[in-house]
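Listed below, chain by chain, are the residues.
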Amino acid sequence: MLFNSLVRLGGDYVSFDGLPSIVMLSVGFIVVALSCLFFYIRNIKKIISVIRPEHSFTDKSEAPEIIIIGSGVLGSSIATVLAKDGRRVTVIERDMKQPDRIVGELLQPGGVKALIKLGLGECLEGLDSHPIKGYVIHDLETEAKVTVPYPKDQDTDEIIQGRAFHHGRFIMALRKKAQEQENVTYIEATASKLIEDKGVIVGVQYREKMSESAKEIYAPLTIVVDGCFSKFRKQLVKEKVEIYSHFVGTLMVDCPQTLLNHAELILAKPSPVLIYQISSKDTRVLVDVRGTVEGNMREYMLHQIAPQLPDHIKEPFIDGVIDGRLRTMPNSFLPPSPIEKPGVLVIGDALNMRHPLTGGGMSVALNDAVMWRNLLKSIPDLTNYEALIKASRVFQLRRKHNHSFVVNVLAQALYELFAASDVHLHNLKRACFEYFKLGGECVSGPVGLLSVMTPKPHLLIGHFFAVALYAVLSVFRSEPIWALHRVVYRSFMIFYKACGVIFPLMWSELKGLI
């Protein structure tokens, strides 16, 4: 159906009878090439040799086996499940007060599924959270909109739901669950240093709140999950953080929705605007600002953004900007890189970040927690550093196939299209919107990726190049037959720009494994 639609749209000008097989072969080649690469990497055997540290860990029942730095979504979740598995866990968290952030408020269905796998589904209850069943995308250029619903459950035939909520309430529910575990000890303190012994991380130096004296705690394994502003990233992670834009956010009160229980994505100029309800009263609005945030943001929001918004949003938006608090958050990109430092794991935003436009960050974190829980079950002795490094390699490979490749690449690629200033990327942006309007597989495939329910790399690559093909067919439809030279040029540039978006992102995911 997908390719038949594409061929039919281009058939007014030229025959493309052989096009579906060519496209399928091209996509198939990419998938096979990636599969071969993964297979090759998976079977590379590297010799692991770790010099044993001089520090000896006590077997006393009160001594921790694992230290976790950070008690956000991932830190709190993994502390709970590892304690349930019988590990003694100490969590070091800088501030135990309820956090207040403008991101980390939308959990995709794939993240909800992972939370339930961890046995933490009840942490979504009692938050006054809001069910999300999909998106409504507004194209201001054509004044059209398209609904992109989440996939349906095969057993119940009901739409699978995500959840939106106040970030701080969700964190406090996760922390409460962790604190209920007998094997979890919390220390409200700032971790200042990783203690190293012959190349092995054996503990953490920290300063408790309201104290200047440094203390030390030792454990065979330290898990660094201190978030997007990680203190220890420079010491452990090879890749550098890139900041492409900032979200400027505020809350709207009693804002109407185009469609009940659907987030709204507005393709505004110069960058997209994301809106979703996070409680019975509050609706979050996030305005993307490319580059750095400069000047009077309140004036910018009122005079540049508000006039572009759909009518049902304008008044609540203006009230929120005038009466509410405008806050900013950097939208960072950090491709994952393997960490093979004995005695330490780095996961979450400390290791890997992507643009929050698709709301996939927490889903990646929770799926990572599911994987590490299963991997650590097979390593009873956490001083077996060779086994931990092997598990880390397995983790890096599995997470790409399972969720992280798709979430990372999709987020960055969509942002490049939706914030496009280049004319050829703009053509891709238009084609992406029209592609969704085709319905059927053109919606269910991409939304399976977005929701993290079917995050398969080959599906992402296939749909991305199908959108590029759709853009090319639109060029044929828009040009007269005598302007073949212009058609060729524009078509080439569209594919060139498409490759310039997707291939560097794919490489950023794969290079760390080679």
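Everything numeric here is computed off the predicted structure, so don't read it as measured data.

**Student:** Teacher, can you tell me more about the side chain of serine 508 here?
**Tutor:** With respect to the secondary-structure elements, serine 508 resides in helix H14 (residues 484-510). The exposure class of serine 508 is buried, given its relative accessible area of 8%.

**Student:** Hey, could you run me through the nonpolar core in this one?
**Tutor:** Proteins that are soluble and globular tend to have nonpolar side chains buried together. Membership of the largest hydrophobic core comes to 67 residues, with the highest contact counts inside it found for Tyr135, Ile137, Val148, Tyr276, Phe418, Leu428 and Phe436. When sequence neighbours within four positions are dropped, the list of residues in contact with leucine 428 reads Leu417, Val467, Ala468, Ala471, Ile494 and Ala498. Formed by 55 residues, the second largest nonpolar core is a distinct cluster that contains Val73, Leu174, Met362 and Ile379.

**Student:** Can you walk me through the sheet that holds strand S3 (residues 106-107) in this structure?
**Tutor:** Through backbone hydrogen bonds, the strands of a sheet pair up, either in parallel or in antiparallel fashion. The three strands are arranged S3-S7-S4 in an open sheet whose pairing can be described as antiparallel. The open sheet has two edge strands, S3 and strand S4 (130-132), and neither has a second partner. Strand direction decides the pairing type here: S3 and strand S7 (residues 162-164), joined by two bridges, are antiparallel. Bridge assignment links leucine 107 to a residue of S7, and that residue is arginine 163.

**Student:** How do you make sense of helix H10 (residues 385-418) when you look at a structure like this?
**Tutor:** Structural remark: α-helix, 3.6 residues per turn; residues separated by three or four positions point the same way. Of all the bends in H10, the largest measures some 70° and sits at lysine 400. Across the 34 residues of H10, 26 count as buried, placing the element largely inside the fold.

**Student:** In this structure, what is going on with the sheet that holds strand S13 (residues 263-267)? I would like to understand it.
**Tutor:** Spatial ordering of the open sheet is given by S6-S5-S13-S14-S15-S12-S16, a layout of seven strands whose pairing is mixed. Single-partner strands in this sheet number two, and they are strand S6 (144-149) and strand S16 (327-333). On average, adjacent strands in this sheet sit at an angle of 20° to one another, irrespective of strand direction. As paired elements, strand S5 (residues 134-139) and S6 share six bridges and run antiparallel to each other. Within the sheet, the bridge partner assigned to aspartate 139 lies in S6 and is alanine 144. Seen against the sheet, helix H7 (residues 297-305) touches strand S12 (242-253), strand S14 (273-277) and strand S15 (282-290) and runs at an angle of roughly 95° to S15. Packing against the sheet, helix H8 (residues 311-323) makes contact with S5, S12, S13, S14 and S15, and its axis sits at approximately 100° to S12.

**Student:** Can you help me understand the packing of aromatic side chains in this one?
**Tutor:** The geometry of an aromatic ring pair is captured by two quantities: the separation of the ring centres and the angle between the planes. A full pass over the atoms with the stated rule returns nine aromatic pairs. Geometrically, the ring pair formed by tryptophan 372 and phenylalanine 395 is tilted, given 5.1 Å between the ring centres and 35° between the ring planes. With tryptophan 372 in helix H9 (residues 361-377) and phenylalanine 395 in helix H10, the pair connects residues that are 23 residues apart, well separated along the chain. The burial state of tryptophan 372 is the same as that of phenylalanine 395; both residues are buried.

Rules used in this analysis
Residues numbered from 1 in each chain as written. Predicted model: local features only at pLDDT ≥ 70, side-chain atom pairs only at ≥ 80, totals over all residues. Heavy atoms only, no water. Helix = DSSP H or I, 4+ residues; strand = E, 2+ residues; numbered from the N terminus. Buried < 20%, exposed > 50% of the residue type's maximum accessible area, 1.4 Å probe, protein only. Core = buried A, V, L, I, M, F, W, Y, C linked by side-chain atoms within 4.5 Å. Contact = heavy atoms within 4.5 Å. Pairing = 2+ DSSP bridges. Bend = angle between axes of the 7 residues up to and from the residue. Axes fitted to C-alpha atoms, helices over the stretch in contact; angles between N-to-C directions. Phe/Tyr/Trp six-rings, centres within 6.5 Å; stacked < 30°, edge-to-face > 60°.

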